[in-house]
Every structure is written in structure tokens, then in C-alpha cells.
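Overview (structure and organization)
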Amino acid sequence: VRQWRGVIEEYRDLLDLPDLPDGIPAVTLREGGTPLVTSEWLSGLTGADVWLKVEGDNPTGSFKDRGMTAAISVARSEGARAVVCASTGNTSASMAAYAAKAGLQPLVLVPEGKIAAGKMAQAILHGAQVIMVRGNFDDCLTMARRMAEDYPVALVNSVNPVRLQGQKTAAFEIVDFLGDAPDHHVLPVGNAGNVSAYWMGYTQYADLGRSTRRPVMHGFQAAGAAPLVHGSPVADPETKATAIRIGNPASWHLAVAAREESGGRFAAVTDDQILSAQRELARRDGVFVEPASAAGVAGILQDLEQGRGYDGTVVVTVTGHGLKDTVTALEGVGPLVDTVVDADPAAAAAAAGLDGP
Ligand code: F0G
């Protein structure tokens, strides 16, 4: 059996990585190759063929690993000793893991008190120096950029174009699997690197003749952090979906180009819609994602309520694993079912309401 080699080795000839010479091996945890899973639930509701691209199945539990293998490989090949990123959590978890693998020192800047516990644990366990900033993600990113200019540390946020080279491989995988691009692509949007990367990937495959079309891109933001919907930065972004609590996306222009060229749009969904979509997806499709990752599903549900339909093939990227943030996930569930019984099958059966023998 051939093992999936990670996105750089699988797609090397399609990635623009001039600073990673051919002979130099990538720093990889064999990211990518994630499943496309049918959503019977969303297919039934829409009448379209709806697929989930389950990015929580990446090595550190989010899509960030696709870009990080590229960024850390290049940083190592250029002789960097330390790497820095600003993050709402997933980028820092991913960077810390790949830096550990590469023998680089990871330095993480995160907004104080706004990082899910699972992501924080990942960064710490992988050996990152975690610095909490009194400010939001946008402040952290400004700091990270300045630090990379003034100190001996390489920046691996998605403003580093190498990151998007890695991330666009998700679009390649989708076309390779489906045989063509989908009609619609739906995903959450925060710093807007991912929507830009997908569009690059779809465009490249169409230009190469590997697909006959490009999808309409539908990007969903949290209502309290929806600068691309409003058309201007948000000074104090707020949402329970902390991964996308971002007011001034770095890839603004690329994202707007993706929207315009695809005939797509950006729209907002509330935190209640996001958390409810997260629960429904877990219960109906068996896929547990973190809150931000459910924004695309929440968007589809909102569209259906507003009379906006989907047709053909729809791919929804669910960006990160539900285990990253169990506290927020459980918030909306209500009182926990904490039935305690003696070690007795009859007692458990009675508590569960099963008919007796
Ligand atoms: N979903 C999750 C789970 C994320 O962690 C992010 C971004 C997004 C969606 C949005 O993707 O920024 O490319 O538009 N997380 C970044 C981080 C900001 O620091 O982990 P985007």
C-alpha cells in the first residue's frame, strides 16, 4: 500500500515554491488527502449533491497544516532558526507541530483569553513560546509582521505567499476526486487566506484543463466579525467562533477577487446559527467540527430559509476538528445528561428507557 506523502510531494510540480529546491525534502506530517464525505442531511435539504471536505482530519486537526508544511519547509531551507505567527489558535497549533518536526523554535502571538483550550494545549505541548497579547488577532498580526522585519524570526502567517501555495492543494484534491470542480464551494472566512487559496487552486486546474469550470464561491463570516460583508474593517470583532474573530483580513483583495471572478458572495451568520449548525452536523452526519468550521453549514441553512437554493454539486469545507474547543461546543447543549447508576446492566437499561427482558 502506498502511503499519502503529504501535499508538497503529492503536488510538487503544481506548487510555486522557488525557495524549496527539488532535492530538498519537505517538512511533512503527511497532511492533506482528507476525506470528502457525503452529507445525506444537507443533500436531502437542498436537493443538491453536498460533500463535506473534512479538514479536521489533518495531522493537527485543521486545514492549516497544508500551508504550514510549505511555510516551514521553506523557512528551514532558508536557514531560519525561529518562526513566528499571529493566530486565533489553529495556525499556532500547526506551526508549533511543524516547527517541532523541523527543529525550529516556534513563537506564537495570540489574543489573550480568546484561544480554545485544545489549540493552546497543542502549541504548548509542541514546544512553542506562547505570548498572550492584550489585543485582538489583527493586533497580533501587525506585531508578528514587525517582529519578522526587526528580529531574526521568520513569519509564517498566510501573508507569506508560500502558505497559500500549500493550502490550494485542497482544491486539487476535490477536483481529482470528483472528476471536475463542484458547482458551488462553501466555506468559513476569517483572515481570508483559505478562500483565496481555494480560488487559486481551482483556477490553476481550470487553466491546465483538469477541470471544465470553477465553482461559485460562498464565504460565510460570523456576524460580529464580518468585514468582508460590510466592505470595511471591523475595529472590535466579536464571536464565539474564536477562530474567525478577525476584523481586518490580510487577504482582503484576493478574497474580493475570488468573489467577483466566481460570481460568488460573502454573507454573515450569527453565533446561534453557527452553534446550532455545529450540533446538527454532529448529530446528523457524524462529523464533529469546531464552531468556526460550521459557519459554512450555517450559511447553507440560512440560505434555504431565505429561499436561496443550491443545485448540482456543492462542497462545504469544514475547517477544523470539534475536539479543539469542547467548552464552546457544550455551551449550547443545555444541562448535561449525567445519569449515574450502579455497575448493573438492568439499572443502565432502565435509565436508558429500554424495554425489559
Ligand atoms: N476555520 C478555522 C477552524 C480557522 O482556524 C480559520 C482561521 C478559519 C476557518 C478561517 O480561515 O483565515 O483562511 O479565512 N484561523 C486562523 C488561525 C486565523 O490563526 O488559526 P481564513
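Keep in mind that what you see is a predicted model, and the values were worked out from it rather than measured.

So, the site of the ligand
Taken together, 21 residues are adjacent to the ligand, and Asn90, Gly190, Asn191, Thr319 and Gly320 come closest. Put simply, the parts of the chain that give the shell around the ligand at least two residues each are α4 (90–102) and α9 (193–207). Of the residues assigned to the shell around the ligand, the class counts are six nonpolar, 13 polar and two charged. Split by domain, the residues of the shell around the ligand number at least three in each of domain 1 (7–62 + 163–331) and domain 2 (64–160).

Some thoughts on the UniProt feature "domain: Tryptophan synthase beta chain-like PALP" (unreviewed entry) in the protein chain
The UniProt feature table records "domain: Tryptophan synthase beta chain-like PALP" (unreviewed entry) at residues 27–320. Along residues 27–320 one finds 44% helix and 17% strand; the C-alpha atoms at either end are 21 Å apart.

Regarding the sheet that holds strand β6 (residues 154–155)
Spatially, β5-β4-β3-β6 is the arrangement adopted by the four strands of the open sheet, whose pairing is parallel. Both edges of this open sheet fall to β5 (129–133) and β6, since each of them pairs with a single strand only. The pairing of strand β3 (residues 82–86) with β6 spans two bridges and is parallel. Among the inter-strand pairings, Val84 is bridged to a residue of β6, identified as Leu155. Sitting on the sheet, α4 touches β3 and β4 (105–111), and the angle it makes with β4 is about 175°. Here helix α6 (residues 137–150) sits on the sheet in contact with β3, β4, β5 and β6, set at roughly 155° to β3.

What counts and what doesn't
Residues numbered from 1 in each chain as written. Predicted model: local features only at pLDDT ≥ 70, side-chain atom pairs only at ≥ 80, totals over all residues. Near = placed C-beta within 6 Å. Helix = DSSP H or I, 4+ residues; strand = E, 2+ residues; numbered from the N terminus. Nonpolar A, V, L, I, M, F, W, Y, C, P; charged D, E, K, R; others polar. Domains from an automatic or database assignment. UniProt positions renumbered as here; feature names shortened; annotations may be inferred. Pairing = 2+ DSSP bridges. Contact = placed C-beta atoms within 7 Å. Axes fitted to C-alpha atoms, helices over the stretch in contact; angles between N-to-C directions.

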